[in-house]
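# Examining the three-dimensional arrangement
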Amino acid sequence: MLIKLKPKKVLLIGGGVVAKQKADVLTKQNIPFDIVTLKNNTPYPAKIKEFEISDTNGYDVVIDATGCDKVTNTLLENKNFLLNVVDKPEVCDFYFGSIAKKGDISVLVSSNGKSPRLTQVIRDRIEKILPNNFEIDRKKDYETIKNETSKVFIIGCGPGAVDLLTIRAYNTLKTLDVALYDHLVNPEVLDILPQNCEKIYVGKQKGYHHKKQDEINELLVQKAKEGKIVGRLKGGHPFVFGRGYEEMIELTNEGIEVEIIEGLTSAISAPTEALIPVTLRDKKDSFMVVSAHLKGARVNLNWVDLLHRENLRVIVLMGLSRAKNIQKRALEIGINENREVYIISNATTSSKILKTTLKNLEKKAKEVKKPAIIIF
Ligand SMILES: C[S@@+](CC[C@H](N)C(=O)[O-])C[C@H]1O[C@@H](n2cnc3c(N)ncnc32)[C@H](O)[C@@H]1O
């Protein structure tokens, strides 16, 4: 049951840290209140005086944040208002809960006054899964609403090391019912998922396609329409050669809400691992991230000409098995055979950093395990 406190009159007794916390909550929820206290250490205006029961006259709600038994007992003996005594749930008429709110939807989380911190954590989780732009229509049936409130998170899980996940990704992973993950996602990330979360490997390793993109899209739609909270876990950043955008469009076309959770991209993390800045004043005035692999396993060498621009840092993803083609083309167009090239594999987990030259690129690429990036 939700009692609308506005425009009830609220009195807060106390002027210490706890009173300030309560005053902050009331202010945040736009609930007007007055304070009575002997000493005011809050930034809120207060009536400075010793508390007497007559101070409660005309108030519907009283919050006792004094921690003083004498005040509490006086209140309990003369009660004709709703009372909350901080940290004494047994004598409270109401508790402070945590409210998750989006539009007209409010979800109140209460622990019967036992742990405000717990209610905040649960509130934050609920808030994540509340739909953003949900239109309320009384005529909609249960199944329609279930479909329309479904949500898929496309989550960038970073280059590998689990502590490089963003806090947003970490918090989102904890809310999932289903996780579809591919081979670049560190298995340690899966340990963060709730125990009963369904984990589905969808592969996408070059040459080992486990599920086709269409099948992945279908599965995402199907799971979301079952009313589940679905996560699509990807290596790096979902919008950097990650097909996150394509998946997002498929889902939004089906009316499913999508949230993109960014991740650190290997295109920047891997060079950083080798202490290579992607830009450097006076030396590298720009950087370019390319894929050497195009749709249908075609090789992409359109960018090789740009190696003539010494001030451009070139970061090549999916280039390891194309090293021979890259080397050949670069030499053909007159790039110096001694041009420095780095190959960085498994950055941030079991990193290997190889420094070589253009003329040895093909040979060195064979010594390295995937995934790897090539840096010029
Ligand atoms: C399909 S792309 C996905 C890129 C990803 N979305 C990102 O932002 O890092 C896969 C390529 O990313 C690169 N890659 C991903 N993780 C890597 C890592 N830990 N170390 C080196 N290269 C990595 C490799 O070039 C690999 O072939």
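Residues numbered from 1 in each chain as written. Predicted model: local features only at pLDDT ≥ 70, side-chain atom pairs only at ≥ 80, totals over all residues. Heavy atoms only, no water.

Counted under the stated rule, the structure contains 5 aromatic pairs. On the numbers, 5.5 Å between centres and 55 degrees between planes, the contact of Tyr181 with Tyr201 is tilted. Linking Tyr181 in strand 9 (residues 178-182) with Tyr201 in strand 10 (residues 198-203), this pair joins segments that are 20 residues apart in sequence. Relative to Tyr245, the ring of Phe239 lies with its centre 6.0 Å away and its plane at 75 degrees, an arrangement referred to as edge-to-face. (Phe/Tyr/Trp six-rings, centres within 6.5 Å; stacked < 30°, edge-to-face > 60°. Helix = DSSP H or I, 4+ residues; strand = E, 2+ residues; numbered from the N terminus.)

The next thing to look at is the pairing of strand 6 (residues 98-102). Summarising the sheet, strand 6 and strand 7 (residues 105-109) pair through 5 bridges and their orientation is antiparallel. In the sheet register, Lys102 faces strand 7, and the bridge partner there is Ile105. (Pairing = 2+ DSSP bridges.)

The domains assigned to the chain are domain 1 (10-96), domain 2 (99-129), domain 3 (147-264) and domain 4 (267-375). Inter-centroid distance (C-alpha atoms) of domain 2 to domain 4 is 48 Å. (Domains from an automatic or database assignment.)

Read across the sheet, 5 strands follow the order 13-16-19-17-18 without closing on themselves; strand pairing throughout is mixed. In this open sheet, the two strands that pair with only one neighbour each are strand 13 (286-291) and strand 18 (352-357). Recorded for the sheet is a direction-independent mean angle of 20 degrees between the axes of neighbouring strands. Pairing of strand 17 (residues 340-345) with strand 18, which is carried by 6 bridges, proceeds in the antiparallel orientation. Looking at the pairing, Glu340 lines up with Thr357 of strand 18. (Axes fitted to C-alpha atoms, helices over the stretch in contact; angles between N-to-C directions.)

The next thing to look at is helix 7 (residues 213-225). Over its 13 residues, helix 7 extends 18 Å from the first C-alpha to the last, a length consistent with the 18 Å expected when each residue adds 1.5 Å. Considered for burial, the residues of helix 7 that qualify are Gln213, Ile216, Asn217, Leu219, Leu220, Val221, Lys223 and Ala224. Packing partners of the buried residues in helix 7 comprise strand 8 (151-156), strand 9, strand 10, strand 11 (229-234) and helix 8 (244-253). After helix 7 finishes, the residue Gly227 shows a positive phi value of roughly 85 degrees. (Expected span 1.5 Å × (residues − 1). Buried < 20%, exposed > 50% of the residue type's maximum accessible area, 1.4 Å probe, protein only. Contact = heavy atoms within 4.5 Å.)

Close to the ligand lie 17 residues, the nearest being Pro159, Val240, Thr265, Ser266 and Ala372. His237 places a main-chain nitrogen or oxygen 2.9 Å from an oxygen atom of the ligand. In this structure, an oxygen atom belonging to the ligand sits 2.7 Å away from a side-chain N or O atom of Ser266. Its free accessible area being 570 Å², the ligand has 89% of it covered by the protein chains. (Near = heavy atom within 4 Å. Polar contact = N/O pair within 3.5 Å; in protein donor to acceptor, adjacent residues only side chain to side chain. Areas by Shrake-Rupley, 256 points an atom, 1.4 Å probe, with all protein chains shown as cover.)

It is worth spelling out helix 1 (residues 17-28) at this point. Here helix 1 contains 12 residues, and its C-alpha end-to-end distance of 16 Å stays within 8% of the 16 Å for a straight helix at 1.5 Å per residue. The complete set of buried residues in helix 1 reads Ala19, Lys22, Ala23 and Leu26. An end-on view of helix 1 places all buried positions within 100 degrees of arc, on one side of the element. Away from the buried face of helix 1 by more than 90 degrees, exposed residues Val17 and Lys28 are located. Looking at the packing, one finds that the buried side of helix 1 touches strand 1 (10-13), strand 2 (33-37) and strand 4 (61-64). Note on helix 1: the residue one or two positions beyond its end, Asn30, has a positive phi of about 60 degrees. (Arc of directions from axis to C-beta.)

Time to look at the environment of Arg329. Checked against the element boundaries, Arg329 lands in helix 10 (residues 323-332). Each C-alpha atom of the pair Arg329 and Asp305 lies 8.7 Å from the other, and the pair is 24 residues apart in sequence. The residues touching Arg329, leaving out its near neighbours within four places in the chain, are Leu301 and Val304.

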